[in-house]
Amino acid sequence: MPALVEDQLHTHSPLILGLVFAAYMTLSVLGAPMGGRFTSAQAQRVGMILFLAGMIGLCTAVVASTLVLFIIATIVAGAGQGIAISAAARGLLHGSTPAERAPIFSAIYLICYGGAAFPSLISGQLSNTFSLPQIALGYGGLAVVATLFTVVDARNPHTDKTGSRTCDGSNATRSSNSERSHENGRRPCRQDR
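As the structure is a prediction and not an experimental result, all values here were calculated from the model. (Residues numbered from 1 in each chain as written. Predicted model: local features only at pLDDT ≥ 70, side-chain atom pairs only at ≥ 80, totals over all residues. Heavy atoms only, no water.)

Q: I keep staring at the overall build of the protein chain and nothing clicks. Help me out?
A: A count of helices and strands for the protein chain gives seven helices and zero strands. Moving toward the C terminus, one meets the helices and strands of the protein chain in the order α-α-α-α-α-α-α. Buried residues in the protein chain amount to 34% of all 193 residues. For the protein chain, restricting intrachain contacts to residue pairs at least 6 apart in sequence, the fraction spanning at least 24 positions comes to 61%. If you sum the accessible surface of the protein chain, you get close to 11300 Å²; carbon and sulfur atoms cover 68% of it. (Helix = DSSP H or I, 4+ residues; strand = E, 2+ residues; numbered from the N terminus. Buried < 20%, exposed > 50% of the residue type's maximum accessible area, 1.4 Å probe, protein only. Contact = heavy atoms within 4.5 Å. Areas by Shrake-Rupley, 256 points an atom, 1.4 Å probe, with all protein chains shown as cover.)

Given below as C-alpha cells:
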C-alpha cells in the first residue's frame, strides 16, 4: 500500500501513509462489534457489500489520484472487512467447545493468510507487466467475486427445531440425533453429551 499511496496519490508523507494504514486497521477492529447486531449470514453479506463499496472507492481514487477519496474508501473497506470476518468466525465457532476453538481458529488463520499470500505473490509478479492501477483493479475484481459468493452462499449455523445446533445439519430432535450419532460411530453433538 505505501507504494500505491506514494506513486498514484503523489504523497511521500509518513503521516499520510500511517493514517491510511491506521484507518483501515482501526475500522476493521471497530467493524467487528457492529456485525454483532446481525445474524452471521446477514453480517457477512453487509460486511462484504461494504468492503466492495470500499474497493470500488479505492480503485476510483487510484485512477483519479484522489487522496481524500482513498482515505474514505479505506475506512469503508476496513469496516466492511471487520464486520464480514468477525461474522464468519462467529458462524464457524457457533456451538464449539473451548477445546475445539483453537483448531478452528488455526484453520481460519491458515486460510486467511494463505488466501492473502497467493494473490500478493501473483500481483508482485504481475507488477513487472502491469501498472499499479491495473493491479488495484484486479484486486477490485477479486472483491466482486468474493462479494457475489458471500451474498449468494452465506449461511447461518444449522440448528434443529428446538434451537440446538446439530452435527449434520438435520432437523432431528436431540435424542434421535444422539442415537443416530452413536449408531453411525460419530460422536454426538456437544448439546447431546
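Q: Whenever I open this one, the packing of aromatic side chains confuses me. Can you help?
A: Describing an aromatic ring pair means giving the distance of the ring centres and the angle of the ring planes. One pass over the full model with this rule turns up two aromatic pairs. Ring centres of phenylalanine 105 and tyrosine 109 lie 6.1 Å apart, and the angle between their planes is 20°; this geometry places the pair in the stacked category. You can see phenylalanine 105 and its partner tyrosine 109 sitting in helix α5 (residues 98-126), four residues apart, about one turn around the helix. Look at tyrosine 109 and tyrosine 113: their rings are 6.2 Å apart centre to centre, the planes differ by 25°, and that puts the pair in the stacked class. A residue pair is termed a helical-turn pair when its members lie 3 or 4 positions apart in one helix, as tyrosine 109 and tyrosine 113 do in helix α5 at four residues. Note on tyrosine 113: relative accessible area 59%, which makes it exposed. (Phe/Tyr/Trp six-rings, centres within 6.5 Å; stacked < 30°, edge-to-face > 60°.)

Q: Looking at this structure, how should I read the layout of surface pockets?
A: For the second largest pocket, the calculated volume is near 150 Å³. Forming the boundary of the second largest pocket are Pro119, Ile122, Ser123, Leu126, Phe130, Gln134, Ile135, Gly138, Tyr139 and Leu142. Those elements that place two or more of their residues in the lining of the second largest pocket are α5 and α6 (132-153). At five residues, the largest contribution of residues to the lining of the second largest pocket is made by α6. (1 Å grid on protein atoms, 1.4 Å probe; cavity = no way out; pocket = protein on both sides within 12 Å on 5 of 7 lines; lining within 4 Å. Points joined across faces, edges and corners; volume = space filled by probe spheres on them.)

Q: Explanation requested: the environment of serine 120 in the structure shown.
A: Within the secondary structure layout, serine 120 lies in helix α5. According to the relative accessible area criterion, serine 120 is partly exposed, its value standing at 40%. Distance in space between the C-alpha atoms of serine 120 and tyrosine 139 is 9.6 Å, their sequence separation being 19 residues.

Q: Teacher, can you tell me more about the nonpolar core here?
A: Residues Val20, Phe51, Met55, Leu58, Phe70, Ala77 and Ala143 are the most contacted members of the largest nonpolar core, which totals 16 residues. Those elements that provide at least two residues to this core are α2 (14-35), α3 (40-64) and α4 (67-93). Ranked by residue count, the leading element in this core is α3, at seven residues. (Core = buried A, V, L, I, M, F, W, Y, C linked by side-chain atoms within 4.5 Å.)

Q: Quick question: what am I supposed to make of unusual backbone geometry here?
A: When glycine is set aside, most residues are seen to have a negative phi, and most peptide bonds are trans. Even without being glycine, serine 65 reaches a positive phi, approximately 55°. Inspection of the secondary structure puts serine 65 in the loop between α3 and α4. A relative accessible area of 32% means that serine 65 is categorised as partly exposed.

Q: How should the side chain of serine 28 be read in this particular structure?
A: Note that serine 28 resides in helix α2. Residues within four places of serine 28 in sequence aside, it is in contact with Gly78, Ala79, Gln81 and Gly82.

Q: How do you make sense of the packing of α3 against α4 when you look at a structure like this?
A: For the pair α3 and α4, interaxial distance at closest approach is 7 Å and the crossing angle is 155°. For the element pair α3 / α4, the angle class is roughly antiparallel. In terms of crossing hand, the pair formed by α3 and α4 is left-handed. Here the contact of α3 with α4 is composed, by residue class, of 18 nonpolar, ten polar and one charged. (Axes fitted to C-alpha atoms, helices over the stretch in contact; angles between N-to-C directions. Parallel < 35°, antiparallel > 145°, perpendicular 65-115°, else oblique. Left-handed = near helix turned anticlockwise from the far one by under 90°. Nonpolar A, V, L, I, M, F, W, Y, C, P; charged D, E, K, R; others polar.)

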